[in-house]
Amino acid sequence: MKKLLSLILTFSVCFALHALTPEEVLEISRTQTSIDTMASEAQVSVQRPVGTTIEMLSLREYTGYDASNQQANMIVFNAPAKYKNTRFLMVTRKDGSMDQRVYLPSMGKSRRVTAETEGSGSFFGTDFSYSDIAFLSRAVALDTHTFLDEEEYNGKECYVIQSIPKTAEGYAKCINKISKADNMLQTAEFYDKTGKLVKRLEFLDYKDVSGVLTPFTVKMTTLATNTATVISIKKIEYGLKIPTAVFTTRYLETGR
């Protein structure tokens, strides 16, 4: 969630004058699933196996900027009881990497989540890892991108872009499929170092909210275990004035 949506028309006009690069396609697609500020409420269905919900999470998310004008996200858990008042803060560093911190009421203090030891770990029992949560905020410059042969996905002609991290971290590669007609990100497929597809992230049910095309359903599937986690947006608002204080360690630990 990074760019101003008001730039979309400008991008479209400029890019029509020359061939798109993979980096440009990715930037446009991530722009259209993001905005400067946002507040949302969502339910998260943890499915074990796919289609069978064993747990339902309820959360609120705020997106904006911290006091240093860095992109930031705050997630507050409302349910179930074991996660109530748990909070998660993610701030984009200037180099494009993420500073992630979590507050657990049982601990009474926050701690930093380190990519080296916890990045691949499950995000509160879901199919998302801590690294997956940062996917849309990941700087395009951190990966090397290449066009592959175009494909049809869910009835839409798509650009297919392979993204390989420039440093040895997390997944070995990601395959992004972006619809050519509207530049909407349809799916991202994640592969391990053996070349095996391990997870699939899908963006579904796009709706226009205040001029912003927004996926109301986001689904992460883990292929090896046949499990999935489905995020369903219940309410979302863009362009709100969100205080920088929301994106601080104090708010993370106190909720105020």
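Note that residues are indexed from 1 along each chain, following the sequence as it is written. Two thresholds apply to this predicted model, a pLDDT of at least 70 for residue-level local features and 80 or more for giving and counting side-chain atom pairs, whereas whole-chain, interface and lining totals are computed over all residues. Here the side-chain values reflect all heavy atoms present in the structure, with hydrogen atoms and water set aside.

(A) Region of the structure containing the packing of aromatic side chains. Centre distance within 6.5 Å is the pairing criterion for rings of Phe, Tyr and Trp, where only the six-membered ring of Trp is used; planes under 30 degrees apart are then read as stacked, over 60 as edge-to-face, and the remainder as tilted. Going through the model one piece at a time under the given rule, you end up with 11 aromatic pairs. When the centroid spacing of 5.3 Å and the interplanar angle of 80 degrees are considered together, the rings of Tyr83 and Phe124 count as edge-to-face. Highlighted residues: Tyr83 in the loop between β3 (71-79) and β4 (87-92) and Phe124 in the loop between α3 (115-118) and α4 (130-133), separated in sequence by 41 residues. Ring geometry for Phe123 versus Phe124: centroids 4.8 Å apart, planes at 90 degrees, classification edge-to-face. Buried residues are those whose accessible area, probed at 1.4 Å on protein chains only, stays under 20% of the maximum for their type, while exposed residues exceed 50% and partly exposed ones sit between those limits. Relative accessible area serves as the criterion here: at 8%, Phe124 is assigned to the buried category. By the ring-pair criterion, three or more aromatic residues cluster together here, those being Phe77, Tyr83, Phe88, Phe123, Phe124 and Tyr130. We note Lys180 situated over the ring of Tyr159; from NZ or CZ to the ring centre the distance is 5.5 Å. Lysine and arginine charges are scored as sitting over a ring when NZ or CZ, respectively, is within 6 Å of the ring centre and within 35 degrees of the ring normal. Across from the ring centre of Phe216, 4.7 Å away, lies the NZ or CZ of Lys207, which sits over that ring. Put simply, DSSP H or I for four residues or longer makes a helix, DSSP E for two residues or longer makes a strand, and each gets a number counted from the N terminus.

(B) View of the state of the cysteines. A pair of sulfur atoms, both from cysteines and within 2.5 Å, is called a disulfide here. Taken as a whole, this structure holds 0 disulfides when the rule is applied. For Cys158, which is in no disulfide, the shortest distance to another cysteine sulfur is to Cys174 and amounts to 14 Å. According to the relative accessible area criterion, Cys158 is buried, its value standing at 0%.

(C) Representation of the environment of Ile242 within the structure. Relative to the helices and strands, Ile242 resides in the loop between β13 (227-238) and α5 (249-254). Distance in space between the C-alpha atoms of Ile242 and Thr63 is 7.9 Å, their sequence separation being 179 residues. In what follows, residue pairs with any heavy atoms lying within 4.5 Å of each other are defined as contacts. In contact with Ile242, other than residues within four places in its own chain, are Thr37, Met38, Tyr62, Thr63 and Phe247.

(D) Main features of the nonpolar core. For this analysis, a nonpolar core means a set of buried residues of the types Ala, Val, Leu, Ile, Met, Phe, Trp, Tyr and Cys, connected via side-chain atoms within 4.5 Å. Counting 41 residues, the largest nonpolar core has Phe77, Phe123, Phe135 and Leu201 as the members making the most contacts within it. Apart from residues lying up to four places away in sequence, Leu201 is in contact with Phe128, Phe135, Gln186, Thr187, Ala188, Phe190, Val218, Lys219 and Met220. Counting 13 residues, the second-largest nonpolar core is a separate cluster that includes Ala39, Val246, Phe247 and Leu252.

(E) Representation of the pairing of strand β7 (residues 143-153) within the structure. Note on pairing: DSSP must find at least two bridges between two strands before they are called paired. Sheet topology places β7 next to strand β8 (residues 156-165); 9 bridges connect them, and they run antiparallel. Looking at β8, one finds that His145 is bridged to Ser163. Linking β7 to β8, which pair antiparallel, is a turn of 2 residues; within it Asn154 sits at a positive phi near 50 degrees.

These results come straight from atomic positions and should not be treated as a statement about function.
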